[in-house]
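Per-entry structural report
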Amino acid sequence: MNASGMEVELRGMLAALQPSGSVERMAVAAVLALLDEPDPFSSSSFEPGHITASAFVVHPTERSVALVLHSKLKRWLQPGGHVEASDTSIVSAAIREVAEEVGVGPADDPWLLDVDVHVFPERHDVPRHLHHDVRVAFTADSSTLRIGEGADDVRWWPFDDAIALEESVARPVRKLRSTLRH
């Protein structure tokens, strides 16, 4: 799928999402507006930012999610990152990032869970900019995690513990906690 196909697919996914509140409604609107800009997935587009992909990966049998200690930010976050030219969809970008960072894949069909816009701080020659993060969720095909690219650590966080983290992580985990039964 080319970039314009990915844009069409993402617009459809966003239209079907039921945002959980005003913060997420504003994030969805921001992503939709960014899709009208040239090259919204380019990691070198800093104004107004770019679209990224991440995933909330659910343990196969326990009520927990895989989080990474982000190498650059030194915070516990869901695996994810930049969309690459080889990605065929926003979902495939998230799956690739998860494989790179924690070493698992999906055991079920990923679904759009959440959208968030957050500041990525200035680092070296990259200015402070916005990540318009499209977050999918899926159940992991394995309970064995490995520390991969972009992560200093990785572990399964019980839903209740993950909800105590920053709101950008807590909101999607609350959604998972209220919808998943395993």
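Because the structure is predicted, anything quoted here is derived from the model rather than measured. (Residues numbered from 1 in each chain as written. Predicted model: local features only at pLDDT ≥ 70, side-chain atom pairs only at ≥ 80, totals over all residues. Heavy atoms only, no water.)

Some words on the nonpolar core
Put simply, the test is: The definition of a nonpolar core used throughout is a set of buried Ala, Val, Leu, Ile, Met, Phe, Trp, Tyr and Cys residues joined through side-chain atoms within 4.5 Å. Residue exposure (1.4 Å probe, protein chains only): buried if accessible area is under 20% of the type maximum, exposed if over 50%, otherwise partly exposed. Counting from the N terminus, the helices are the DSSP runs of H or I reaching at least four residues and the strands are the DSSP runs of E reaching at least two.
If you look at the biggest cluster of nonpolar residues, it comprises 35 residues, and the most contacted ones within it are Leu10, Leu14, Phe41, Ile51, Val57, Ile90 and Val115. Looking at this core, the elements that each hand over two or more residues are α1 (3-16), α2 (22-34), β1 (50-58), β2 (64-70), α3 (90-102), β5 (111-120), β6 (129-139) and β7 (151-158). No other element matches α3, which puts six residues into this core. Residues Leu73, Trp157, Phe159 and Val169 belong to the second largest nonpolar core, which totals 18 residues.

Remarks on α2
Filter applied, for reference: Expected helix span is taken as 1.5 Å per residue step, with the number of steps being one fewer than the number of residues. The arc in question is the one traced by the directions running from the helix axis out to the C-beta atoms.
An ideal rise of 1.5 Å per residue puts 18 Å on 13 residues; α2 measures up with 18 Å between its terminal C-alpha atoms. Residues of α2 that are buried include every one of Glu24, Ala27, Val28, Val31 and Leu34, and no others. One side of α2 holds all its buried residues, which, seen down the axis, span an arc of 125°.

What about unusual backbone geometry?
Most peptide bonds take the trans configuration, and most residues that are not glycine carry a negative phi. Across the junction of Glu47 and Pro48, the peptide omega takes the value 15°, indicating a cis bond. Here the phi dihedral of Asp39 falls at roughly 55°; this positive angle occurs in a residue that is not glycine. Non-glycine residue Lys74 carries a positive phi angle of around 60°. Residue placement: Lys74 occurs in the loop between β2 and β3 (76-77). For Lys74, a relative accessible area of 53% puts it in the exposed group.

Some details on the layout of surface pockets
The test is simple: Both cavities and pockets are sets of points on a 1 Å grid over the protein atoms alone; in a cavity a 1.4 Å probe fits but cannot get out, in a pocket the set is open with protein on both sides within 12 Å along at least five of seven lines, and lining residues sit with an atom within 4 Å of a point. Grid points are joined across faces, edges and corners, and a volume is the space filled by probe spheres set on the points. Amino acid classes used here: Ala, Val, Leu, Ile, Met, Phe, Trp, Tyr, Cys and Pro are nonpolar; Asp, Glu, Lys and Arg are charged; the rest, including Gly, are polar.
The computed volume of the largest pocket comes to approximately 670 Å³. Lining the largest pocket are 33 residues, with His70, Gly80, Gly81, His82 and Phe120 positioned closest to its centre. Tallied by class, the residues present in the lining of the largest pocket amount to six nonpolar, 15 polar and 12 charged.

Here we look at α3
Our working rule: Here a polar contact means two N or O atoms within 3.5 Å. Within protein one must be a hydrogen donor candidate and the other an acceptor candidate, and residues neighboring in sequence count only if both atoms are side-chain atoms.
In this model α3 runs 18 Å from its N-terminal to its C-terminal C-alpha over 13 residues, within 8% of the 18 Å that 1.5 Å per residue would give. For α3, the set of buried residues is Ile90, Val91, Ala93, Ala94, Arg96, Glu97, Val98, Glu101 and Val102. The N-capping residue of α3, defined by a side-chain oxygen 3.3 Å from the backbone nitrogen of Val91, is Ser89. In the stretch just after α3, Gly103 is the one whose phi turns positive, near 80°.

Points about the environment of Glu37
Mapped onto the elements of the fold, Glu37 is located in the loop between α2 and β1. Look at Glu37 and you get partly exposed, because its relative accessible area is 38%. Residues Glu37 and Ala140 lie 103 residues apart in sequence; the distance between their C-alpha atoms is 34 Å.

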